[in-house]
Amino acid sequence: MKLLVSIFAAGMLTLNAAHTANLIVGSATEPSSIDPQFSRTGNNQNIAMQIFDRLVDTDPYSHLEPALALSWTNTDPLTWQIKLRSGVKFHDGNALTADDVIFSLTRAKNVPNSPAPFSGNVASIDGMKAVDPLTIEFKTKVPTPDFIEQIGFVYVVEKTAAESASNGDFNSGKAAIGTGAYKFKSWTPGDNLVLRRNDDFWGPKQDFDNVTVKFISNDASRVAALRSGAVDLIDAVPPGDVKTLTGISGLKLFSIPSARLMYIAIDSSRDVTPFVTDKDGKPLDKNPLKDRRVRQALSALINRQLIIDRVIDGSGEVANQLVPKGVAGYDPSIPAPVYDPSAAKKLLTEAGYPNGFGITIQTSNDSFPGDAELAQAIGQMFARGGLKVNGVVALPFNIFAKNATNQEYSAFIFTLANSTPTSATGLRNLLMTTDKNAGTGVFNRVRYSSPAFDEAMQAVTAEFDQAKRVEKLQSATKLVFGDMPIIPLYWQKAYWAGKANLNYVANMTGYSSATLATLAK
């Protein structure tokens, strides 16, 4: 390991007497569980990816790479064979086998109380069997061209450790036994998570003997911790601090345009919705959000470029669909959203709401840079457009996400990070009709349902020809965003900042992990 000379105050990591390097990360979010299959949300996955592994991984631009799976072969339209990497050991010394993978993919179907389950990833599986300790044969219910993208992103747990484990067993560390680069040491909710290096890791040796993740949700406090030397690396750098940090000697910034979409979810599925009122604040007996013209009007009231310029200091790109250019499924023919209050007024009048109505906007206050400020800005734009904004409510993400999943809101701000090479998985999880057996709509928190879109996506998932599949994805995208079940806002630019003797792999998914940090050569 490269030894570092210099002093902490100068912005350099220190070594103790035994010459071990310790990394302290200031993270904006905290996991709701250490169970890697509990929730697909970013706050949980940031921790899971350090302790556990998946069958496949992605490079910084979301292209697939082998991980626990060395190869995957489609032997006929319904049959796949996956070869596992040999010599992989769990943290307790037991060898990874096909049985652990089969158990993990079976378990992912129904993790209790999951707010964002992996059930959709495994829904296409009709059967699994171990051909030998490192080979698995899969049968799918229907032809599934993106099968490896689906099952490949489920974290693998050890069967003997997790078979009868509770959520508490993972959180205490008893069941938190993975094959990842770091081993679980302790978790103090609200404070920190401590990891230690796995010296038997199958992948590249990590530069850090010990990692401490400090949970610092307040943006100013997180930046101050980096500047004072209390932490070595921070994620979710507030856009307003980017220029300041760039000019500080001893610090570095790392950035990349991401595939993380910020959007407003709209409750268009229910006849009555809880947070919509008349102009006097009385509940309406009819949900105006069910009318596509109303949803289009709300979109036209939002000046996205102004939000990007003023709220996030230019750290974003106006969005009009799920994924940005460069990700397969992006449709260049979809028009850019236009800020047009006059058109919005006309649409509201046509829908029967010439004087608007009352609405409450819900958001997190610690999920991504500027989330609470974004909601306030949208509230002001809605109010200027003639709506009565009854309130803008910002809550900690863990509470907010649970409430959103339970359909307690009418209009709320959420994000989706596309972590696969195409938009298919995101569209299937976010906007297809919620069907537990089919594994669709697992993130569809507003229960949007369109038979035409479902049919279009079914055609996508059955298409093995890549060029034709992309064309069908584009058609499905154009169809669903024409209906506007969610209002796309912008794709976020992701930033991390650290001490000058660190390097960090900025990635389109926005993941924050010690596995992506190294000592500068």
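Look up: the structure comes first, before these words.
First, a word on scope: everything that follows refers to the structure included in this document. (Residues numbered from 1 in each chain as written. Predicted model: local features only at pLDDT ≥ 70, side-chain atom pairs only at ≥ 80, totals over all residues. Heavy atoms only, no water.)

**Some remarks on the overall build of the chain**
- Scanning the chain from N- to C-terminus turns up 16 helices and 22 strands.
- In terms of C-alpha radius of gyration, the chain reaches 23 Å, essentially the compact-globule figure of 24 Å for 521 residues.
- With the principal axes as the frame, the chain shows a C-alpha extent of 70 × 60 × 40 Å.
- A burial count over the chain gives 57% of its 521 residues as buried.
- By sequence separation, contacts in the chain at least 24 residues apart represent 69% of the contacts at least 6 residues apart. (Helix = DSSP H or I, 4+ residues; strand = E, 2+ residues; numbered from the N terminus. Rg over C-alpha atoms; globule rule 2.2 N^0.38 Å. Buried < 20%, exposed > 50% of the residue type's maximum accessible area, 1.4 Å probe, protein only. Contact = heavy atoms within 4.5 Å.)

**Quick word on the pairing of strand 14 (residues 251–266)**
- By the criterion of burial, strand 14 is predominantly enclosed, with 12 of the 16 residues buried.
- Two elements, strand 14 and strand 20 (residues 486–499), share 12 bridges in a ladder whose sense is antiparallel. In the sheet register, I256 faces strand 20, and the bridge partner there is A494.
- Two elements, strand 14 and strand 19 (residues 411–417), share 7 bridges in a ladder whose sense is antiparallel. The residue bridging M262 from the neighbouring strand is T415, located in strand 19. (Pairing = 2+ DSSP bridges.)

**Looking at helix 13 (residues 397–405)**
- Buried within helix 13 are the following residues: F397, F400, A401, N403, A404 and T405.
- Its buried side turned inward, helix 13 meets helix 1 (42–51), strand 17 (358–364), strand 18 (388–395) and strand 19.
- Directly beyond the C-terminal end of helix 13, a positive phi value near 60° is found at Q407.

**Some points on the nonpolar core**
- Among the nonpolar cores identified, the biggest contains 106 residues, and I34, F138, L193 and F208 are the most heavily contacted of them.
- Apart from residues no more than four positions distant in its own chain, I34 is found in contact with I47, I51, F52, F170, N171, A176, F184, W187 and L193. (Core = buried A, V, L, I, M, F, W, Y, C linked by side-chain atoms within 4.5 Å.)

**Description of the packing of aromatic side chains**
- According to the stated counting rule, one finds 13 aromatic pairs in the structure shown.
- Taking 5.7 Å as the distance between ring centres and 20° as the angle between the ring planes, the aromatic pair formed by F400 and Y409 counts as stacked. Neither F400 nor Y409 differs from the other in exposure class; each is buried.
- Chaining the aromatic ring pairs together yields one cluster made of F275, F397, F400, Y409, F412 and F414.
- Lying over the aromatic face of F414, R445 brings its terminal NZ or CZ to 4.1 Å of the ring centre. (Phe/Tyr/Trp six-rings, centres within 6.5 Å; stacked < 30°, edge-to-face > 60°. Lys NZ or Arg CZ within 6 Å of the ring centre and 35° of its normal.)

**Thoughts on the packing of helix 9 (residues 292–300) against helix 11 (residues 341–350)**
- Across the interface, helix 9 lies against helix 11 with an axial gap of 8 Å and an inter-helix angle of 160°. What the angle tells us is that helix 9 and helix 11 run roughly antiparallel. Along this stretch, helix 9 crosses helix 11, giving a crossing that reads as left-handed. Contact residues: R293, V294, Q296, A297 and A300 in helix 9; P341, A344, L347, L348 and E350 in helix 11.
- Of the residues that constitute the contact of helix 9 with helix 11, the class distribution is 7 nonpolar, 1 polar and 2 charged. (Axes fitted to C-alpha atoms, helices over the stretch in contact; angles between N-to-C directions. Parallel < 35°, antiparallel > 145°, perpendicular 65-115°, else oblique. Left-handed = near helix turned anticlockwise from the far one by under 90°. Nonpolar A, V, L, I, M, F, W, Y, C, P; charged D, E, K, R; others polar.)

**Looking at the environment of S228**
- Of note, S228 is situated in helix 7 (residues 219–228).
- Here the alpha-carbon distance between S228 and P66, two residues 162 residues apart in the chain, equals 39 Å.

**Things to note about the pattern of salt bridges**
- Overall, the coordinates contain 14 salt bridges when judged by the stated rule.
- A salt bridge links D483 to R295, with the shortest nitrogen-to-oxygen separation between them at 3.2 Å. Of the two residues, D483 is situated in helix 16 (residues 466–483) and R295 in helix 9; the sequence distance between them amounts to 188 residues.
- The shortest N-O distance in the salt bridge between K472 and E463 comes to 2.9 Å.
- Relative accessible area serves as the criterion here: at 32%, K472 is assigned to the partly exposed category.
- Taking relative accessible area as the criterion, E463 reaches 15% and is therefore assigned buried. (Salt bridge = Lys/Arg side-chain N within 4 Å of Asp/Glu carboxyl O.)

**Quick notes on the sheet that holds strand 8 (residues 135–140)**
- An order of 5-6-8-7 is seen for the 4 strands of this open sheet, with the pairing classed as antiparallel. Both edges of this open sheet fall to strand 5 (69–76) and strand 7 (125–132), since each of them pairs with a single strand only. Averaged over all pairs of adjacent strands, the angle between their axes in this sheet comes to 20°, without regard to strand direction.
- Here strand 5 pairs with strand 6 (residues 79–84) via 6 bridges, running antiparallel. Looking at strand 6, one finds that W72 is bridged to I82.
- Along the sheet face, helix 2 (residues 98–107) touches strand 6, strand 7 and strand 8 and points at about 170° away from the line of strand 7.

**Some points on the environment of L473**
- Within the secondary structure, L473 is located in helix 16.
- Residue classification places L473 among the buried positions, given a relative accessible area of 0%.
- Sequence-wise, L473 and L427 are 46 residues apart; in three dimensions their C-alpha atoms are separated by 9.0 Å.
- Ignoring any residue separated from it by four or fewer positions in sequence, one finds L473 in contact with A328, G329, T422, S423, A424, L427, M457 and V460.

**A look at unusual backbone geometry**
- Despite not being glycine, D313 has its phi angle at roughly 50°, a positive value.
- Tracing the backbone shows D313 in the loop between helix 10 (304–310) and strand 16 (316–318).
- Judged by its relative accessible area of 46%, D313 is partly exposed.

**Side note on the pairing of strand 1 (residues 22–27)**
- Both strand 1 and strand 12 (residues 210–215) contribute to a ladder of 6 bridges, which runs parallel. Among the inter-strand pairings, G26 is bridged to a residue of strand 12, identified as K214.
- As judged from the 2 bridges shared by strand 1 and strand 13 (residues 233–234), these two strands associate in the parallel manner. Across the sheet, G26 pairs through a bridge with I234, a residue of strand 13.

**Points about helix 11**
- When helix 11 is considered as a whole, its buried residues turn out to be A344, L347 and L348. For helix 11, the angular spread of the buried residues around the axis is 100°, confining them to a single face. More than 90 degrees from the buried face of helix 11, the exposed residues found are S342 and K346.
- Count one or two residues on from helix 11 and you reach G352, which has phi positive near 100°. (Arc of directions from axis to C-beta.)

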